[in-house]
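Working through the structure, step by step
Residues per chain are reported as follows:
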Amino acid sequence: MSSHIDIAWSPPEGDIPRWLKPNPINILMVDSPPYFGTDLPQKIVTKLGDTAFLKCKVFNLGNQMVSWLRNEPLEIISSGLYTFIRDPRYSAEYMEEENTWVLRITKVEYEDSAIFDCQVNTDPLMSYAISLKVIKPDNSQFLNDAPLYAADTSVKILGGPQHLVKAGHVLNLTCVVRNPPSPQKMTQWLQNDRIVTPRPGVSILSESSPQISTSCLIIHSVQEGDDW
């Protein structure tokens, strides 16, 4: 006579597999494309000689890579944690617990003032712009250089008005509203004049601040004939 005992294996207490850990958007990371967090400042003012920290929050990065670039003149600074620029004052860092990529610039100079792009190598490319302004140590009164008038509201769909997606693939439509008239109200998506609500296969991720509001409409598996 033989007996058979089934033993169910479970991970040691306190050792939760990475793919089972909760994430900020309550959605399986494998099914969602990357998107930027919008709760970090996009205008950085740093005094001459201090250290500047440019931060870019990226969720659901997966196998994609984050790079830092400088505009005017165009220069690739880093890819991942590897730094290309020869200036040793520049370094790229990653804060895993906060999903935040950091470009650190020590002993800033006036020439460091520029617009920097935090870029994710998706198709099409995703980019998050951050401006750095270096001022004299005694110019602290100019830290708040906001305009005296209310900035106009602008709405933009990242990647343009048309997206080509293969059947069965993920479609990510990201709407960015700058200077929203009411930060408390979330962006609504319409399909054939009807409001789109989250449901199996369709997710809506939204973040809002007084300066910028971002909403991502994610269709997890586009089918032929879908009208989005």
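About the cut-offs
- Residues numbered from 1 in each chain as written.
- Predicted model: local features only at pLDDT ≥ 70, side-chain atom pairs only at ≥ 80, totals over all residues.
- Heavy atoms only, no water.
- Helix = DSSP H or I, 4+ residues; strand = E, 2+ residues; numbered from the N terminus.
- Buried < 20%, exposed > 50% of the residue type's maximum accessible area, 1.4 Å probe, protein only.
- Pairing = 2+ DSSP bridges.
- Axes fitted to C-alpha atoms, helices over the stretch in contact; angles between N-to-C directions.
- Disulfide = S-S within 2.5 Å.
- Contact = heavy atoms within 4.5 Å.

1. Details of unusual backbone geometry
Note: most residues except glycine have negative phi, and most peptide bonds are trans. Cis geometry marks the peptide bond from D123 to P124, where omega comes out at 5°. Here P124 shows up in the loop between β9 (114-120) and β10 (126-135). Positioned with a positive phi, K107 is a non-glycine residue whose angle comes to about 45°. With a relative accessible area of 61%, K107 lands in the exposed category.

2. Considerations on the sheet that holds strand β15 (residues 202-208)
A sheet is described by the order of its strands in space; here 4 strands give the open sequence β11-β12-β16-β15, paired in antiparallel fashion. The strands lining the two open edges of the sheet, one partner per strand, are β11 (154-157) and β15. On average, each strand axis in the sheet is inclined to that of its neighbour by 10°, with strand direction left out of account. The pairing of β11 with strand β12 (residues 171-178) spans 4 bridges and is antiparallel. Its bridge partner lying in β12, S154 is registered against R178.

3. Points about the state of the cysteines
What the rule picks out here adds up to 1 disulfide. Across a sulfur-sulfur distance of 2.1 Å, C56 and C118 are joined as a disulfide pair. Measuring the twist about the S-S bond at about -75°, one finds the C56-C118 disulfide to be left-handed. Pair noted here: C56 is in strand β3 (residues 52-59) and C118 is in strand β9, with a separation of 62 residues, a long-range link. With no disulfide of its own, C175 lies closest to C216 among cysteine sulfurs, the gap being 9.4 Å. C175 gets classed as buried once you look at its relative accessible area, which sits at 6%. A relative accessible area of 2% places C216 in the buried class.

4. As for the sheet that holds strand β6 (residues 82-83)
If you walk across this open sheet you meet the 6 strands as β2-β10-β9-β4-β5-β6, and the pairing is mixed. Each end of this open sheet is capped by a strand with a single partner; those strands are β2 (43-47) and β6. In this sheet, β10 lies alongside β2 in parallel orientation, the contact comprising 5 bridges. Looking across to β10, one finds that K47 is bridged to I135.

5. A few points about the pairing of β10
Judged from the 7 bridges that link them, β9 and β10 form a sheet pairing that is antiparallel. Counted as the bridge partner of C118 is Y128 from β10. In this structure, the hairpin formed by β9 and β10 is closed by a connection of 5 residues.

6. A word on the environment of G168
Locating G168 in the fold gives a position in the loop between β11 and β12. A sequence separation of 53 residues divides G168 from S221, and the C-alpha atoms of the two residues are 4.6 Å apart. With residues near it in sequence (within four places) discarded, G168 still touches H220, S221, V222 and Q223.

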